[in-house]
Amino acid sequence: MDLDTSLSSNLIVNLSIIFSQPTGISNYAQNLFPYLKSLQPTLLTSQTYPDFTCYKIPNNLTPAQGSKGHLNRLIWTQFQLPRIYQQLKSNLLFSPIPEAPINSKCRHIVTFHDAIPLRFSNNKSPLTYYHRYYVPQILRQAEHIICNSEATAKDIHDFYQVPASKITPILLAHDNQYFQPLANSKSKQNNPYFLYLGRQDPYKNLQRIISAFAALPISNEYQLWFAGSNDKRYTPLLKTQIKELGITERVKFLNYVSYSELPKIINQALALVFPSLWEGFGFPVLEAMACGTPVITSNISSLPEVAGDAAILVNPYNTDELTEAMRLIVTDEKLRNSLSSLGIERAKKFSWQKTGKATVEILSRFM
């Protein structure tokens, strides 16, 4: 609904990135905002949420519109958001992304998710310039910065020279009603498979996953599945590599997998293989652990913070280590069962309620 302009709102929450197929940051915003209700915020949103006061904004500002949506949102943020802030007599803007009006009177707290575009910079990518020139101004002018791991907090300090006192890491969570062990899912599959879940960007390390899988002495009996949207920049290169290694028949690209299908696909996998070269948090690792699916992941960035001792941690640059981890999953049933139990217990330490409560404490301090 449109807000009665005679009303005011001490806190406004920018939900411009939420859309119907949420991944990553949109997923974070979607799961977090219900726990902010005690602060009586006004949601800036194109959706309808009956339990909240909402201010209607355009629906063309999301990742669903690609680069155009990103540009639309930056323009809207710079020119329309200050007007809304003033109109609602707001005292604080919370944005679940590092975006806010520059050089305005909008006091803001933002969530910063990762510095990957700087760590793996690509001068052909607009995201590199976004993180190099726009984001530093937002962080510098912010009242406070929330991030999703200690590793990301260190990146903010190192890349942007932001004082540690201005940064609070708050670990994220998963939907524990949704991601959980399913009955009979662990029974022997006709085609047992290793699963990768996520985007196909180079820093996700898919080429080493493929090489490691191809080197498995017993790979003929197993498959490798990639779940996540195909990318015309990278998918063809991966398929060429797979063809050259002679394993085309054993590798499947599932493309985008709907949220409703994810728990089943994760549950039925032998293991999640997620040796990313860097992550701000790493949702797939937590979701797999919650399902009781063994996890192979990296021993760097935020991933040890998420996995703890409930996963096989490998050097993501070492293909041999990755192959050996896969071999252990295949051959050691006791290890598989142990990782499954440890993962389920580890995942219980994470909840959106806990994330929401910690976020409310930060926002309350600055309202």
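What you see is a predicted model; the values in this text were computed from it and never measured.

Each value, and the rule that gives it
- Residues numbered from 1 in each chain as written.
- Predicted model: local features only at pLDDT ≥ 70, side-chain atom pairs only at ≥ 80, totals over all residues.
- Heavy atoms only, no water.
- Helix = DSSP H or I, 4+ residues; strand = E, 2+ residues; numbered from the N terminus.
- Buried < 20%, exposed > 50% of the residue type's maximum accessible area, 1.4 Å probe, protein only.
- Contact = heavy atoms within 4.5 Å.
- Areas by Shrake-Rupley, 256 points an atom, 1.4 Å probe, with all protein chains shown as cover.
- Salt bridge = Lys/Arg side-chain N within 4 Å of Asp/Glu carboxyl O.
- Core = buried A, V, L, I, M, F, W, Y, C linked by side-chain atoms within 4.5 Å.
- Pairing = 2+ DSSP bridges.
- Axes fitted to C-alpha atoms, helices over the stretch in contact; angles between N-to-C directions.
- Parallel < 35°, antiparallel > 145°, perpendicular 65-115°, else oblique.
- Nonpolar A, V, L, I, M, F, W, Y, C, P; charged D, E, K, R; others polar.
- Patch = residues over 30% accessible without salt bridge, like charges linked within 9 Å, V, L, I, M, F, W, Y side chains within 5 Å.
- Phe/Tyr/Trp six-rings, centres within 6.5 Å; stacked < 30°, edge-to-face > 60°.
- Lys NZ or Arg CZ within 6 Å of the ring centre and 35° of its normal.
- Arc of directions from axis to C-beta.

A. Looking closely at the overall build of the protein. Counting secondary structure elements, the protein contains 14 helices and 13 strands. Principal-axis analysis of the C-alpha atoms places the extent of the protein at approximately 70 × 45 × 35 Å. Burial analysis of the protein (367 residues in total) assigns 54% to the buried set. Here the analysis covers contacts within the protein between residues at least 6 apart in sequence; of these, 67% occur between residues at least 24 apart. Surface exposure of the protein reaches about 16,700 Å², of which carbon and sulfur atoms provide 50%.

B. Seen up close, the pattern of salt bridges. Throughout the structure, instances matching the rule amount to 9 salt bridges. For E324, the salt bridge identified is with R327, shortest N-O distance 2.7 Å. Taken together, the positions of E324 and R327, both in helix 12 (residues 319–331) and 3 residues apart, correspond to about one turn of that helix. The partly exposed category is assigned to R327, whose relative accessible area is 30%.

C. Molecular detail of the nonpolar core. Ranked by internal contacts, the top residues of the largest apolar core, which has 85 residues, are F94, F194 and M326. Residue contributions to this core peak at 6 residues, all from helix 10 (residues 283–290). If near-sequence neighbours (up to four positions away) are discounted, M326 is found in contact with F194, I209, A212, F213, L216, V273 and I296.

D. Structural context of the sheet that holds strand 8 (residues 193–197). Spatially, 6 strands are ordered 10-9-8-11-12-13 in an open sheet, and the strand pairing comes out parallel. Each of the sheet's edge strands pairs with one partner strand only, and the pair in question is strand 10 (251–255) and strand 13 (312–314). The average angle at which neighbouring strand axes cross in this sheet is 25 degrees, direction not considered.

E. View of the packing of helix 12 against helix 13 (residues 333–347). Their axes nearest at 5 Å, the elements helix 12 and helix 13 cross at an angle of 100 degrees. Here helix 12 is positioned roughly perpendicular relative to helix 13, judged by the angle of their axes. Mapping the contact onto sequence places L328, I329, V330 and T331 in helix 12 and E333, L335, R336 and L339 in helix 13. Tallied by class, the residues present in the contact of helix 12 with helix 13 amount to 5 nonpolar, 1 polar and 2 charged.

F. Structural view of the sheet that holds strand 3 (residues 53–56). In space, the 7 strands of this open sheet follow the order 3-2-1-4-5-6-7, with parallel pairing throughout. The sheet terminates laterally at strand 3 and strand 7 (167–169), the two strands that pair on one side only. Taking the axes of each pair of neighbouring strands and ignoring which way they run, one obtains an average angle of 25 degrees across the sheet. As paired strands, strand 1 (residues 11–14) and strand 2 (residues 42–45) are joined by 3 bridges and run parallel to one another. By the bridge assignment, V13 is partnered in strand 2 with L43.

G. Structural view of a nonpolar patch on the surface. A contiguous nonpolar surface patch, about 330 Å² in accessible area, is contributed by L71, I75 and F79. Tracing the backbone shows I75 in helix 2 (residues 66–79). Residue classification places I75 among the partly exposed residues on the basis of a relative accessible area of 44%.

H. Spatial organisation of the environment of C54. Within the secondary structure layout, C54 lies in strand 3. Put simply, C54 and K349 are 295 residues apart on the chain and 32 Å apart in space, counted from C-alpha to C-alpha.

I. Region of interest: the environment of L139. When you line up the elements, L139 lands in helix 5 (residues 126–141). In this structure the C-alpha to C-alpha distance between L139 and F112, which are 27 residues apart in sequence, comes to 8.6 Å. Those residues in contact with L139 that sit more than four places away from it in its chain are V110, F112, I145, I156, Y160, V162 and K166.

J. Local environment of the packing of aromatic side chains. For the coordinates displayed, the defined rule picks out 18 aromatic pairs. For the pair Y130 and Y134, a centre-to-centre distance of 5.4 Å together with 25 degrees between the ring planes defines the contact as stacked. A residue pair is termed a helical-turn pair when its members lie 3 or 4 positions apart in one helix, as Y130 and Y134 do in helix 5 at 4 residues. For the pair Y130 and Y134, a shared accessibility class is recorded, and that class is buried. Following the ring pairs from residue to residue traces out a cluster consisting of Y28, F281, F283, F350 and W352. Note that R119 overlies the ring of W278, its terminal NZ or CZ placed 3.5 Å from the centroid. Above the face of the W225 ring, K252 is positioned so that its terminal group lies 4.1 Å from the ring centre.

K. Quick look at helix 7 (residues 206–214). All buried positions along helix 7 are accounted for by L206, I209, I210, A212 and F213. The buried residues of helix 7 occupy an angular sector of 165 degrees when the element is viewed end-on, so they sit on one face. Residues of helix 7 that are buried in the fold lie against strand 8, strand 9 (223–227), helix 8 (235–244), strand 11 (271–274) and helix 12.

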